[in-house]
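As a plain string of letters, each chain reads:
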Amino acid sequence: MATVYVSVLQCSLLLLLGVFFAGFFRQMHVDTMSSYKAWTLLVLLAVATFFKNWMQYSGKKRNLLNAKRLQQKKQAYSIWILWLLPFTVLALAYILFQSI
């Protein structure tokens with residue numbers, strides 16, 4: 001569940017960054033790639049992000065993180081903030097997309 005959450009958060013940040021640069025390049029009249037190619041690139045990067053996180057957090061690194069976590073004092077994060085973070089980023093991306 002944590003791997004999926006991290007992947008979704010990273011992909012939503014990637015989408016926000018892509019929408020920002022699309023709007024920036026449009027205002028600067030830079031024609032670097034078509035919209036279809038940009039969406040294809042976003043999908044490929046999202047798949048690569050999911051694969052990277054799956055590989056990174058399922059093996060030795062996950063065991064190391066678990067061992068370190070047992071030694072450290074547990075930090076309390078609000079579950080509402082953790083759930084609202086990806087939705088907030090997606091809302092910002094939507095707002096930027098509408099302004100393009």
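In this text, all values refer to a predicted model and were calculated from it rather than measured experimentally.

Calculation criteria
Residues numbered from 1 in each chain as written. Predicted model: local features only at pLDDT ≥ 70, side-chain atom pairs only at ≥ 80, totals over all residues. Heavy atoms only, no water. Phe/Tyr/Trp six-rings, centres within 6.5 Å; stacked < 30°, edge-to-face > 60°. Buried < 20%, exposed > 50% of the residue type's maximum accessible area, 1.4 Å probe, protein only. Helix = DSSP H or I, 4+ residues; strand = E, 2+ residues; numbered from the N terminus. Expected span 1.5 Å × (residues − 1). Arc of directions from axis to C-beta. Contact = heavy atoms within 4.5 Å. Polar contact = N/O pair within 3.5 Å; in protein donor to acceptor, adjacent residues only side chain to side chain. Patch = residues over 30% accessible without salt bridge, like charges linked within 9 Å, V, L, I, M, F, W, Y side chains within 5 Å. Areas by Shrake-Rupley, 256 points an atom, 1.4 Å probe, with all protein chains shown as cover. Salt bridge = Lys/Arg side-chain N within 4 Å of Asp/Glu carboxyl O.

1. Quick look at the packing of aromatic side chains
Aromatic ring pairs are described here by two measures, namely the spacing of the ring centres and the angle between the planes.
Then, in step 1: Summed over the entire model, instances satisfying the criterion amount to 7 aromatic pairs.
Then, in step 2: Considering the side-chain rings of Phe 20 and Phe 21, the 5.4 Å spacing of their centres and the 65° angle between planes classify their relative orientation as edge-to-face.
Then, in step 3: A relative accessible area of 36% means that Phe 21 is categorised as partly exposed.
Then, in step 4: Residues Phe 20 and Phe 24 carry aromatic rings whose centres are separated by 6.5 Å and whose planes lie at 15° to one another, so their mutual orientation is stacked. Taken together, the residues span about one helical turn, with Phe 20 and Phe 24 both in helix H1 (residues 2-27) at a distance of 4 residues.
Then, in step 5: Taking the relative accessible area as the measure of exposure, Phe 20 reaches 44% and is therefore partly exposed.
Then, in step 6: Taken together, the aromatic side chains of Phe 20, Phe 21, Phe 24 and Phe 25 make up a single cluster linked through ring pairs.

2. Some points on helix H2 (residues 35-56)
Then, in step 1: For H2, which comprises 22 residues, the first-to-last C-alpha distance of 31 Å matches the rise-based estimate of 32 Å (1.5 Å per residue) to within 8%.
Then, in step 2: Within H2, the full set of buried residues consists of Leu 42, Ala 46, Thr 49 and Asn 53. Projected onto a plane normal to the axis of H2, the buried residues spread over an arc of 60° and lie on a single side. Facing away from the buried side of H2, by more than 90 degrees, are the exposed residues Tyr 36, Lys 37, Val 43, Leu 44, Val 47 and Trp 54.
Then, in step 3: Where the residues of H2 are buried, they touch H1.

3. Details of the side chain of Asn 53
Then, in step 1: Inspection of the secondary structure assignment puts Asn 53 in helix H2.
Then, in step 2: Take Asn 53: its relative accessible area is 0%, and that puts it in the buried class.
Then, in step 3: Here the side chain of Asn 53 touches Ser 7 through a polar contact of 2.9 Å, side chain to side chain.
Then, in step 4: A polar atom in the side chain of Asn 53 sits 3.1 Å from the side chain of Lys 52.
Then, in step 5: Each residue touching Asn 53, except ones within four places of it in the same chain, is listed here: Thr 3, Val 6, Ser 7 and Gln 10.

4. A closer look at a nonpolar patch on the surface
Then, in step 1: A cluster of nonpolar residues, Met 1, Tyr 77, Ile 79, Trp 80, Leu 82, Trp 83, Leu 84, Phe 87 and Leu 90, forms a patch on the protein surface that exposes about 1100 Å² of accessible area.
Then, in step 2: Position of Met 1 among the secondary structure elements: in the segment before H1.

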